[in-house]
Amino acid sequence: MWEATRQTLYMTGISVVATFILGILLGLLLFLTSKGSLWSNKPINVVISGVVNIFRSIPFIILIVLLIPFTTILFRTMIGENAALPALIIGAAPFYARMVEIGLREIDKGVIEAAKSMGATTGTIIWKVLLPESMPALVSGITVTAIALVGYTAMAGVIGAGGLGSLAFLQGFQRNQNDVTLVATIIILIIVFIIQFIGDFITSKLDKR
């Protein structure tokens, strides 16, 4: 049980960090290339938006299967906690990117215009205006995404990634050991509650409203 918990925390932790970075990059590109924005470029925006929508729409269990060749090339196996990471990240990053875009759109345009009128470069606007102003929304979004990733790890465990999902399915369900399934479920719930508490705490500290 402890080993399964460690595997779940490992998969969740790595994928949350990678999703946070990739999601912010994609979200920024979606926002900056949108109509009337700093890098307004419709063709690029349409392409990025299309890619995000496609991967966000694929059910996670199907995405794992589709990525088996790619995962096998990366890790020489499709089994294990590391092998689940590509599917976890690719499945969650587009979802989070949309939340980043929404958070950026909520920023008062007057603040951005004021920064531009003072001669701020695009890089300065991104680092000094966009990201700081949207940080409460970004943290709230990654909290929701992290909780979804815990559920994704459970699904990945069913096809051999390890973790609490694998333990609940292989030893709990298949061997009819209901106590194992129950304990694995309780641990997953505890992890989710902790993530939610930390996310809410950080968001409340960042939100100046």
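The model shown is predicted, which means the values in this text are computed figures rather than measured ones. (Residues numbered from 1 in each chain as written. Predicted model: local features only at pLDDT ≥ 70, side-chain atom pairs only at ≥ 80, totals over all residues. Heavy atoms only, no water.)

1. Some points on the environment of Val150
Inspection of the secondary structure puts Val150 in helix α7 (residues 122-161). The class for Val150 is buried, based on a relative accessible area of 1%. Taking C-alpha positions, Val150 is 8.3 Å from Leu9, a pair spaced 141 residues apart along the chain. Non-local contacts of Val150, meaning those with residues more than four positions away in its chain, are made with Thr12, Ile188, Ile191, Val192 and Ile195. (Helix = DSSP H or I, 4+ residues; strand = E, 2+ residues; numbered from the N terminus. Buried < 20%, exposed > 50% of the residue type's maximum accessible area, 1.4 Å probe, protein only. Contact = heavy atoms within 4.5 Å.)

2. Some details on the packing of helix α4 (residues 68-75) against helix α5 (residues 81-105)
For the pair α4 and α5, interaxial distance at closest approach is 9 Å and the crossing angle is 130 degrees. When the axis of α4 is compared with that of α5, the two are oblique. Considering how the two elements wind past one another, α4 and α5 form a crossing that is right-handed. On the side of α4, the interface is formed by Phe70, Thr71, Leu74 and Phe75, while α5 contributes Asn82, Ala83 and Pro86. Taken together, the residues that form the contact of α4 with α5 break down as five nonpolar, two polar and no charged. (Axes fitted to C-alpha atoms, helices over the stretch in contact; angles between N-to-C directions. Parallel < 35°, antiparallel > 145°, perpendicular 65-115°, else oblique. Left-handed = near helix turned anticlockwise from the far one by under 90°. Nonpolar A, V, L, I, M, F, W, Y, C, P; charged D, E, K, R; others polar.)

3. Some thoughts on the confidence of the model for the protein chain
A residue-level look at the protein chain finds 97% of positions with pLDDT of 70 or above and a mean pLDDT of 88. Mean pLDDT across the elements of the protein chain bottoms out in helix α8 (residues 163-173) (75) and peaks in helix α1 (residues 2-32) (92). (pLDDT = per-residue confidence, 0-100.)

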